[in-house]
Amino acid sequence: MMTKRWFLGSSIIGAGELNEPHGIAIDSTGNVYVADTTYARIQKFTSDGKFITKWGSKGSGEGQFNFPTGIAIDSSGNIYVTDTSNHSIQKFTSDGKFITKWGSSIGTGELSDPHGIAIDSTGIVYVADATYGCVQKFTSDGKFITKWGSTGRGEGEFFSPSGIAIDSYGNVYVTDSSNARIQKFTSDGKFITKWGSTGSGEGQFNFPTGIAIDSSGNIYVTDTSNHSIQKFTSDGKFITKWGSKGSGEGQFNFPTGIAIDSSGNVYVADTSNHSIQVFGVSATTPSPPSITEGPK
């Protein structure tokens with residue numbers, strides 16, 4: 001496993017500097033977008049960390065943010081950001097031009113502390129709503145479609161859901177953070193399976209947040225308060241994990257966002273180390289499809 005680290009933060013809000021980055025996403029050409037949370041902006045880099053552009057500032061207007069966390073990209077290259085403390089989603093072009101936004105803290109289809117965001121192959125937007133304990137679905141321009149989940153510990157219930165990812169079959173994976181588990185659903189919210197429990201062992205979690213899926217369908221999770229990354233098959237069988245608390249290469253300090261490029265490299269937002277780490281993970285046996293997978 002190889003690793004490299006980008007951009008240690010500093011007290012200067014300069015281009016390429018980061019302060020508690022959370023979300024991370026990669027476009028079809030390999031450019032990397034980071035939700036630079038404390039600096040209330042989005043930054044865009046090449047795949048090897050060269051700064052390209054940035055946009056955003058602290059506020060509640062168009063193109064302004066208050067604690068942006070999640071970030072996702074649609075097939076046209078548009079960028080969607082969960083503007084968490086403004087309780088909204090904002091949509092931009094790939095170079096940061098504002099397109100639209102939606103959400104507030106009350107009402108059907110409205111949002112309260114949205115965190116994770118993902119977009120399926122048809123352009124439907126899925127949002128993990130932490131306070132309401134649910135997943136919400138929208139069209140690409142913000143029209144509410146449906147939602148599922150409520151606060152609790154049962155199947156299909158959540159405590160502080162944070163991350164969300166969608167596989168090639170349309171199945172939806174959610175990091176149910178305060179329940180220390182992953183839950184898997186069909187695209188319309190039917191429960192499929194879950195895995196995880198509180199702890200520090202294999203397949204156990206301490207506030208999992210980010211989640212990403214590779215081209216073989218394997219699931220990667222940032223096990224945030226265990227300062228590590230865990231990898232599973234699509235039905236939750238443990239494969240491997242790496243990381244420990246620290247500031248060296250391959251160490252983490254509360255990792256959150258995670259993304260995987262077309263070559264299988266794993267990008268991690270190492271939040272409290274104010275940096276991005278990139279890993280080239282040696283090939284493992286691809287995970288076979290589970291019996292729950294298939295067109296939905």
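Residues numbered from 1 in each chain as written. Predicted model: local features only at pLDDT ≥ 70, side-chain atom pairs only at ≥ 80, totals over all residues. Heavy atoms only, no water.

1. Observations concerning the pairing of strand E6 (residues 68-73)
Next, step 1: With six of its six residues buried, E6 lies for the most part within the structure.
Next, step 2: Direction of pairing for E6 relative to strand E7 (residues 79-83): antiparallel, over a ladder of four bridges. Residue pairing for E7: Ala72 is matched across the bridge by Tyr80.
Next, step 3: In sequence, E6 turns back onto E7 through a hairpin of five residues, with Gly77 there showing a positive phi of about 90 degrees. (Buried < 20%, exposed > 50% of the residue type's maximum accessible area, 1.4 Å probe, protein only. Helix = DSSP H or I, 4+ residues; strand = E, 2+ residues; numbered from the N terminus. Pairing = 2+ DSSP bridges.)

2. Description of the sheet that holds strand E10 (residues 114-119)
Next, step 1: Taking strand neighbours across the sheet as the criterion, the four strands line up as E10-E11-E12-E13 in an open arrangement whose pairing is antiparallel. One side of each edge strand has no neighbouring strand; the edge strands of this open sheet are E10 and strand E13 (144-148). The sheet shows a mean angle of 20 degrees between the axes of neighbouring strands, taken without regard to direction.
Next, step 2: Direction of pairing for strand E12 (residues 134-138) relative to E13: antiparallel, over a ladder of four bridges. Looking across to E13, one finds that Phe138 is bridged to Phe144. (Axes fitted to C-alpha atoms, helices over the stretch in contact; angles between N-to-C directions.)

3. Description of the confidence of the model for the protein
Next, step 1: Per-residue pLDDT for the protein has a mean of 91; in total, 90% of the residues score no lower than 70.
Next, step 2: Note on residues 283-296: pLDDT is under 50 here. Beyond four places in sequence and across chains, it has 27 contacts. (pLDDT = per-residue confidence, 0-100. Contact = heavy atoms within 4.5 Å.)

4. Some details on the environment of Phe65
Next, step 1: Note on placement: Phe65 falls in the loop between strand E5 (51-55) and E6.
Next, step 2: For the pair Phe65 and Ile89, spaced 24 residues apart in the sequence, the C-alpha separation amounts to 9.9 Å.

5. Quick word on the pairing of strand E11 (residues 125-129)
Next, step 1: With respect to burial, E11 is a largely interior element, five of its five residues being buried.
Next, step 2: Here E11 shows no split at all, with Val125, Val127 and Asp129 on one side and Tyr126 and Ala128 on the other all buried.
Next, step 3: In this structure, E10 lies alongside E11, joined through four bridges in antiparallel fashion. Considered in E11, the bridge of Ile117 is made with Val127.
Next, step 4: Note that E11 and E12 share five bridges and pair antiparallel. Opposite Tyr126, over in E12, you have Lys137 as the bridge partner.

6. Some thoughts on the pattern of salt bridges
Next, step 1: With the rule as written, the count across this model stands at seven salt bridges.
Next, step 2: A salt bridge links Asp176 to Arg181, with the shortest nitrogen-to-oxygen separation between them at 2.7 Å.
Next, step 3: On the basis of relative accessible area, Asp176 is assigned to the buried category, the value being 0%.
Next, step 4: Residue Arg181 is classed as buried on the basis of its relative accessible area of 7%.
Next, step 5: In this structure, Asp188 engages Lys190 in a salt bridge whose closest nitrogen and oxygen atoms are separated by 2.9 Å.
Next, step 6: With a relative accessible area of 44%, Asp188 lands in the partly exposed category. (Salt bridge = Lys/Arg side-chain N within 4 Å of Asp/Glu carboxyl O.)

7. Some thoughts on the sheet that holds strand E3 (residues 32-36)
In sheet architecture, strand pairing relies on hydrogen bonds along the backbone and comes in two forms, parallel and antiparallel.
Next, step 1: Here four strands make up an open sheet; going across it, the order is E2-E3-E4-E5 and the pairing antiparallel. Looking at strand neighbours, the two that pair on one side only are strand E2 (21-26) and E5, the edges of this open sheet. Here the strands of the sheet are splayed against their neighbours by 20 degrees on average, with no regard to which way each runs.
Next, step 2: Across five bridges, E3 lies against strand E4 (residues 41-45) in antiparallel orientation. Within E4, the residue paired with Tyr33 across the bridge is Lys44.

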